[in-house]
Amino acid sequence: MNIASTSTGGSMSAQVAQSFGRCAYFIIADTDNIKDFEPIQNSAASAAGGAGPQAAKIINEKGAKILLTSKVGPNAEGALKEYGIKAVEGISGKVKDAIEEYVNK
Amino acid sequence: MKKIAVASGKGGTGKSTVSLLFALILSEDYRVKLIDCDVEEPNCHLFLEGPVKKQEPVKIFSPGFDLNKCTRCKKCEEVCEFNALVVTEKKILHFPELCHNCKGCLIVCPVGAVSDSYRVSGIVYDKSIDKKLSLRYAEQNIGEAKASPLIEAIKKDIQKDVQIVIYDSPPGAGCSMVETVNNADYVILIAEPTPFGLSDLKVTVEVLKKINVRTGLVINSSQKDNSILTDYASNIGLDILLNIPYSKEFAREYSRGIIVPDIFPGLKESVKELIKRL
Ligand code: SF4
Ligand code: SF4
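Residues numbered from 1 in each chain as written. Chains lettered and ligands numbered in written order. Predicted model: local features only at pLDDT ≥ 70, side-chain atom pairs only at ≥ 80, totals over all residues. Heavy atoms only, no water.

1. Comments concerning the pattern of salt bridges
Residue and element names in this part refer to chain B.
Alright, step 1. Applying the stated rule across the entire model yields 17 salt bridges over all chains.
Alright, step 2. With its nearest N and O atoms 3.6 Å apart, the salt bridge here joins Lys272 to Asp29. With Lys272 in helix 9 (residues 267-277) and Asp29 in the loop between helix 1 (15-26) and strand 2 (32-36), this pair connects stretches of sequence that are 243 residues apart.
Alright, step 3. Here Asp29 falls in the partly exposed class, since its relative accessible area comes to 40%.
Alright, step 4. Residues joined by salt bridges that share partners form a network here, namely Glu28, Asp29, Asp262, Lys268 and Lys272. (Salt bridge = Lys/Arg side-chain N within 4 Å of Asp/Glu carboxyl O. Helix = DSSP H or I, 4+ residues; strand = E, 2+ residues; numbered from the N terminus. Buried < 20%, exposed > 50% of the residue type's maximum accessible area, 1.4 Å probe, protein only.)

Encoded structure:
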């Protein structure tokens, strides 16, 4: 299963980004082997409007079923729910730690 | 027909005051229509009394989706510039507060699954004030996220015999202001001689430059020393049209809902002279 985290940069050592729709990167990792991860630039970050639903589309296309982030807006929340992606809010710190903690929980 | 918009970056600088003053003064000589484009917070009607002649709902496009016809091809989602649609296996999510009512989804759907449906975004009122002056204003429905569609509607269908149209703009330099000044022949900017006034004026001037419309400045609550505004105006070649001083007497009447142009000596003459140049 794939897990996504918002991220301030393109590596596992970056921080979990506060915003979902407008974060710089998503880190998509396989929960069975988190060393197998893919950083993707968030093209929704520069959208004039609707960054939230757009970002949900992006991580859905990458097969994410779980999202780690600080906060999800109401539009994004609706879209994530429709895609069947579980949003875990209130996450901060290093992306690597956040994903590991969630996976090993 | 001369169309004049009254705008300012900052709120509370006197847009409505100036719009009302101009409307009252100019309607002595011309047939004037004042349009209060601040549909989220209209106030001109509080100062002008008269019977409501017309009252009409404004409908804006809001797509509906027939999920049985829909093949989930996602063409609507792709065409939507505003990310207002999310197509999933189960359903189609439409976010009305992101939607710009452009009908792109309706046009692009290959199987006719998008319906041409509408919702009421507000009510437009036409009030007749006296023989030569009429007022149009609107009340936007609660929960509507964007004012532009209603502003666009409120500016349409002006009676042919109107000689001067005054658009009273909402505050700010965003979509609502741009929609208001769109197709105006002249934009009167209002600012007070304060640092905040200057800062917001600059932003508005920058936006208007892109629209390429003739502009001039009215200094409201003008002081002995207005150099904070006049220096800027002369630097960028912005015409200063009028100075309206602060008047306690005017403010007192205003707070009771009465506009008295005569409180300012010489204002009537200046405005009548000015309109010939705009
Ligand atoms: S009308 Fe335009 S903005 Fe609204 S959902 Fe359709 S394509 Fe998107
Ligand atoms: S374009 Fe029409 S058929 Fe295709 S997903 Fe949208 S509504 Fe469905």
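Next comes the rest of the description.
2. Topic: the sheet that holds strand 3 (residues 52-61) of chain B
Each strand in a sheet pairs with another by means of backbone hydrogen bonds, the pair being arranged parallel or else antiparallel.
Residue and element names in this part refer to chain B.
Alright, step 1. Taking strand neighbours across the sheet as the criterion, the nine strands line up as 3-8-9-2-10-1-11-12-13 in an open arrangement whose pairing is mixed. A strand with exactly one partner marks an edge of an open sheet, and here the two such strands are strand 3 and strand 13 (239-245). Neighbour-to-neighbour, the strand axes of this sheet turn through a mean angle of 20 degrees, independent of strand direction.
Alright, step 2. Pairing of strand 2 with strand 9 (residues 133-140) involves five bridges; the strand directions are parallel. Within strand 9, the residue paired with Asp36 across the bridge is Tyr137.
Alright, step 3. Those strands touched by helix 1 are strand 1 (2-7), strand 2, strand 9, strand 10 (164-168), strand 11 (186-191), strand 12 (214-222) and strand 13, and its axis lies near 165 degrees from that of strand 10. (Pairing = 2+ DSSP bridges. Axes fitted to C-alpha atoms, helices over the stretch in contact; angles between N-to-C directions. Contact = heavy atoms within 4.5 Å.)

3. Here's the deal with the side chain of Ser62 of chain B
Alright, step 1. For Ser62 of chain B, the position within the fold is in the loop between strand 3 and strand 4 (64-65).
Alright, step 2. In this structure Ser62 of chain B touches His94, Ser117, Tyr118 and Arg119 of chain B, once residues within four positions along its chain are discounted.

4. Quick look at the site of ligand 1
Alright, step 1. Surveying the vicinity of ligand 1 reveals the residues Phe61, Cys80, Phe82, Leu85, His94, Cys99, His100, Asn101, Cys102, Lys103, Gly104 and Cys105 of chain B.
Alright, step 2. Across the shell around ligand 1, the residue classes tally to seven nonpolar, four polar and one charged. (Near = heavy atom within 4 Å. Nonpolar A, V, L, I, M, F, W, Y, C, P; charged D, E, K, R; others polar.)

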